[in-house]
Each structure stands twice: as C-alpha cells, then as structure tokens.
Amino acid sequence: MQYAIITDQICEDLERALQIAKAHHYSHVELHNVFGKSIEECSLAEVEHIRTLLQTYHLEVSCIASTVFFLCPLYEGDQVSLFNDSFYAIEGDINTHLRYLENACRIAKRLNCPRVRIFPFRFPDNRKPPFGVQEDMNAILRAIRLALRIAKEYDITLVLENCPYSRLPKGMMTIQIIKAFQDPHLRLLWDPANSFRAVKENVPKDYLLFSLIDELRYIYPQIGHIHIKDYHYDPSQQKPFVHKELFDGDIPYDQILTYLHNRGYDKVLSLEAEVPFQETISSMDKLKDTLENIT
C-alpha cells in the first residue's frame, strides 16, 4: 500500500507542506487547497509552478482533490452551502462544474496524476431528508455520465467520494453509482470515517445496517483511492463526532488495514487528518510506520 498526505492538512503554504512531507519520508501528496483556492481553479502558470515544486522535492501526486459536484445544486431550487470556510470549493451549476472538471483533468495530466476526486452533490439546506433515494441516484447518474465523457477524453480516472455532507455519505450508497457504469474511468474514493459519521437522519434506512468492515467487503473491488482520518463519538458534545489523531478514535483501522493488506490493495491511502499541526505530523508518522510494518 502507498501512503500520501493532502498538503493543506500540513500547511496552506504549498512549498512548506511539500518540504514537511518529504522530511517525513512521504513520496506522494494529494492536492486540494492551493494558493487560496481549490486545485481545479488553478491557471496554467500556477500548475507549472506546482510542477516545479514537485520536481524539486521529488514528490508525486496521488490525486487531484477537486470539488467538482460538491457545491452544485442537483435540482433546480436546491440551496447548498459550505460547511467550513477553510474548505475551498467551486460553485455554480452542473455545466460550470464540468468546465472545472476539464481543467482538473488537464492539471492531472500535467502533473502525471492518474485520478481526480469528484463528489455526489451536497445535500441541500432547504429540503428534508432522506437523501440518496432512487430519484437522487438517477439524477446523479446523469451528471456522472457527462463527467465520464470528459474523463475518458483525458484518460483520467474519476474517484467519487462518499462525503458526509453529500447525498451519498456512505460507501454502500456511493458504490451504487460506480456499479451502474462498470467503467474503469470511474472508481470509488472510500473514506471510512465519512461513512462512520454520516448523519443517520439523512440516510435511507437500508443503508444503516452495515458495519464498516461489511461495507469494505462489499465495495472493495471498486475502490480506486482511500482517504483516512479518525473520529471519536461523544454524545455529550454539540458536535458529537470529534476529530482525533489517527488510530486514537473509534474507526477500526486495525481490521480495515489488515483486510486491505490481505487483499493486496496496491493503491493509495491518503491522510486527511483534520487535526492540529502536531497531531497531523504524528498521524503522518503513525500511518507510515504502520503500513511499512503491516504483516
């Protein structure tokens, strides 16, 4: 298994983040927040600067973590908002997002990166759950079909993330889109912590029956990329899902990593720690040491 770190999890200054990643013996990084915006907004000149920095520090890019189809209304009248001001994201309708996707694919090709992250649409502020019902699935399929045309033109793999702020927060839900196409240019970006913290009221009941390990067994053949972070559930808190340093929370990573190892997973696990700097550094070291010593 390869391991990577999303650069803005270390530092918003891209070069400093690359320096730290290299110092901690990482060979791959993932790009989202760069130069005060999301990666798919970058100009050609900015991409060339990124390319020079990557070459300087001998780092490869595991994923272009675009925000395509995140802050994008799935239906007319949907009101979608950003959950965190530090998470840079594009806005606009589906056609606008598709234009950004094409730029993301161009960026991926220039940086020798095989995959681009997309989302299954932010759930709206002005509608009642559940989300991810069949009508939603059909509408998402139509949008992904358009995205796939662009990805195939550039020979890029789209990885669709199960995001807790989206209409398909669980891997068991997002995988239905992947399976509908059966196309090698579309794979799942699985984040087990996102599945863990999905808002239960938003999820159709049939998808609440599976453990993370059950989910992993079902989705494994379609996984193209993985994000990892950790949470502890504390019902006494106003926001009960509390970010924790990697391996210090409730996610059963011992079982998850053992399963991935036993199945011969040879793609990337990308750290999205979402904790303070020192805990991020500690999480980086823990991930590296664990994967290098797993048996």
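Residues numbered from 1 in each chain as written. Predicted model: local features only at pLDDT ≥ 70, side-chain atom pairs only at ≥ 80, totals over all residues. Heavy atoms only, no water.

1. So, the packing of aromatic side chains
The following threshold applies: Between rings of Phe, Tyr and Trp, where Trp is taken as its six-membered ring, a pair exists when centres lie within 6.5 Å; planes separated by under 30 degrees are stacked, by over 60 edge-to-face, and by other angles tilted. Throughout, exposure labels follow a simple rule: accessible area from a 1.4 Å probe, protein chains only, divided by the maximum for the residue type, with under 20% read as buried, over 50% as exposed, and the rest as partly exposed. Strands are runs of DSSP state E lasting at least two residues, helices are runs of H or I lasting at least four, and both sets are numbered from the N terminus onward. Note on geometry: a ring has a charge over it if NZ (lysine) or CZ (arginine) is within 6 Å of the ring centre and within 35 degrees of the ring normal.
Applying the stated criterion across every chain, the model contains 15 aromatic pairs. On the numbers, 5.2 Å between centres and 45° between planes, the contact of Phe-83 with Phe-87 is tilted. Take Phe-83: its relative accessible area is 33%, and that puts it in the partly exposed class. Relative to Phe-241, the ring of Tyr-231 lies with its centre 6.1 Å away and its plane at 75°, an arrangement referred to as edge-to-face. On the criterion of sequence distance, the pair formed by Tyr-231 in strand E10 (residues 230-233) and Phe-241 in strand E11 (residues 241-244) is long-range, its members being 10 residues apart. By relative accessible area, which is 21% here, Phe-241 ends up partly exposed. A network of ring pairs unites the aromatic residues Phe-70, Phe-83, Phe-87, Phe-119 and Tyr-165 as a single cluster. If you follow Arg-122 out to its NZ or CZ, it ends over the ring of Phe-123, 4.8 Å from the centre.

2. Observations concerning the pattern of salt bridges
How we decide: Salt bridges are defined as contacts in which a side-chain nitrogen from Lys or Arg sits within 4 Å of a carboxyl oxygen from Asp or Glu.
Summed over all chains, the structure comprises 16 salt bridges. As a salt-bridge pair, Asp-191 and Lys-229 come within 2.5 Å of each other at their nearest N and O atoms. In this pair, Asp-191 sits in the loop between strand E8 (186-190) and helix H7 (192-196) while Lys-229 sits in the loop between strand E9 (223-228) and E10, placing the two residues 38 residues apart along the sequence. Classification of Asp-191 by relative accessible area gives buried; the value is 0%. In this structure, Lys-229 engages Glu-272 in a salt bridge whose closest nitrogen and oxygen atoms are separated by 3.2 Å. In this pair, Lys-229 is assigned in the loop between E9 and E10 and Glu-272 in the loop between strand E12 (268-271) and helix H10 (277-293), connecting sequence segments 43 residues apart. The same class applies to Lys-229 as to Glu-272, namely buried.

3. Some thoughts on the packing of helix H4 (residues 94-110) against helix H5 (residues 134-154)
The relative placement of two packed helices comes down to the angle between their axes together with the axis-to-axis distance. Worth spelling out the cut-off: Only the stretch in contact is used when a helix axis is fitted, and all axes are lines through C-alpha atoms; the angle between N-to-C directions ranges over 0 to 180 degrees. For classification, angles of less than 35 degrees are called roughly parallel, those exceeding 145 degrees roughly antiparallel, those between 65 and 115 degrees roughly perpendicular, and all remaining angles oblique. Here a crossing is taken to be left-handed if its near helix is turned anticlockwise relative to the far helix by less than a right angle, and right-handed if that turn runs clockwise. By definition in these notes, contact holds between two residues if any of their heavy atoms fall within 4.5 Å. We call Asp, Glu, Lys and Arg charged. Ala, Val, Leu, Ile, Met, Phe, Trp, Tyr, Cys and Pro are nonpolar, and the rest, Gly among them, are polar.
It is the contact of H4 with H5, at a shortest axis distance of 10 Å, that shows an interaxial angle of 25°. It follows from the interaxial angle that H4 and H5 lie roughly parallel. You can see that H4 and H5 cross each other, and the crossing is right-handed. Residues Ile-94, Leu-98, Leu-101, Glu-102, Cys-105, Arg-106 and Lys-109 of H4 form the contact with H5, whose own contacting residues are Ala-143, Leu-146, Ala-147, Ile-150, Ala-151, Glu-153 and Tyr-154. Broken down by class, the residue content of the contact of H4 with H5 amounts to 10 nonpolar, no polar and 4 charged.

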